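Listed here are the chains, written in short residue letters.
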Amino acid sequence: MHLPSFLWLWKIAAWSMGLSLLAYVFLAITGIWMLRVRTTGETPLGVVLPWQPSQMRSLHYIIGITMVSLVLLLLAVGIVGTLGHFGSLGHSPHLVAGLIVVILVLVSAFGATQISTGKPWARPLHLSCNFCLLLGFGWVSFSGWTVVQKYLP
């Protein structure tokens, strides 16, 4: 695949990564808020929001679906861009980091859909994946930065 420039593709990746990280932060904030209200009945730091807990859960789901979509877009852009530029995959640890992040996001999303009183394993799965995702986002960001340096003139 010989396109004149992959700059447009890298712009999509940069925006998607930035928005994925922003979604992760918002998911952490809404998740901590829901956990605090569920366990103590009080809002964190006494902050009263105009949403009911069920509305906060819906907002958390919407942000989560958005993050899953952005991460899958990043996967597609990475594969197309790398194949188009190099002709093959696996030129750096970024592929492994990216695949691990994709898997963590998908497992976390699956765990979120399973959270209920009858499935006590789902919440710990969701929370542990999200903690690992923090490390994964750090790794994929660092390795992605080194990859971007290969494309810049």
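Up top you'll find the structure we're talking about.
Predicted, not measured: the structure shown is a model, and the values here were computed from it.

## Overview of the packing of aromatic side chains
Within this structure, the stated rule accounts for 2 aromatic pairs. Residues Y24 and F137 carry aromatic rings whose centres are separated by 5.6 Å and whose planes lie at 75° to one another, so their mutual orientation is edge-to-face. On the criterion of sequence distance, the pair formed by Y24 in helix α1 (residues 7–40) and F137 in helix α4 (residues 122–151) is long-range, its members being 113 residues apart. Grouping residues by exposure puts Y24 and F137 together as buried. Between F110 and W121 the ring centres are 6.4 Å apart and the planes differ by 25°, which places this aromatic pair in the stacked class. With a gap of 11 residues between them, F110 in helix α3 (residues 94–114) and W121 in the loop between α3 and α4 connect regions that are remote in the sequence. For F110, a relative accessible area of 45% gives the class partly exposed.

## Some remarks on the nonpolar core
Of all hydrophobic cores here, the largest spans 17 residues; its most connected members are M67, V71, V101, V105, L133, F137 and V140. Mapped by element, the contributors of at least two residues to this core are α1, α2 (53–86), α3 and α4. Per-element accounting of this core gives the leading share, 5 residues, to α3.

## Description of the packing of α1 against α2
Close contact between α1 and α2 brings their axes to 8 Å; oriented N to C, the two are set at 155°. In this view, α1 runs roughly antiparallel relative to α2, as classed from their interaxial angle. Viewed along their axes, α1 and α2 form a crossing whose handedness is left-handed. When its residues are assigned to classes, the contact of α1 with α2 shows 24 nonpolar, 8 polar and 1 charged.

## What to know about α3
If you check α3, its first and last C-alpha atoms are 30 Å apart, about what 21 residues at 1.5 Å a residue would give, namely 30 Å. Of the residues making up α3, those classed as buried are A97, G98, V101, V102, L104, V105, S108, G111, A112 and Q114.

## Details of the environment of V147
Relative to the elements of secondary structure, V147 occurs in helix α4. Separated by 56 residues in the primary sequence, V147 and H91 place their C-alpha atoms 8.9 Å from one another. In contact with V147, other than residues within four places in its own chain, are S92 and H94.

Each value, and the rule that gives it
- Residues numbered from 1 in each chain as written.
- Predicted model: local features only at pLDDT ≥ 70, side-chain atom pairs only at ≥ 80, totals over all residues.
- Heavy atoms only, no water.
- Phe/Tyr/Trp six-rings, centres within 6.5 Å; stacked < 30°, edge-to-face > 60°.
- Helix = DSSP H or I, 4+ residues; strand = E, 2+ residues; numbered from the N terminus.
- Buried < 20%, exposed > 50% of the residue type's maximum accessible area, 1.4 Å probe, protein only.
- Core = buried A, V, L, I, M, F, W, Y, C linked by side-chain atoms within 4.5 Å.
- Axes fitted to C-alpha atoms, helices over the stretch in contact; angles between N-to-C directions.
- Parallel < 35°, antiparallel > 145°, perpendicular 65-115°, else oblique.
- Left-handed = near helix turned anticlockwise from the far one by under 90°.
- Nonpolar A, V, L, I, M, F, W, Y, C, P; charged D, E, K, R; others polar.
- Expected span 1.5 Å × (residues − 1).
- Contact = heavy atoms within 4.5 Å.

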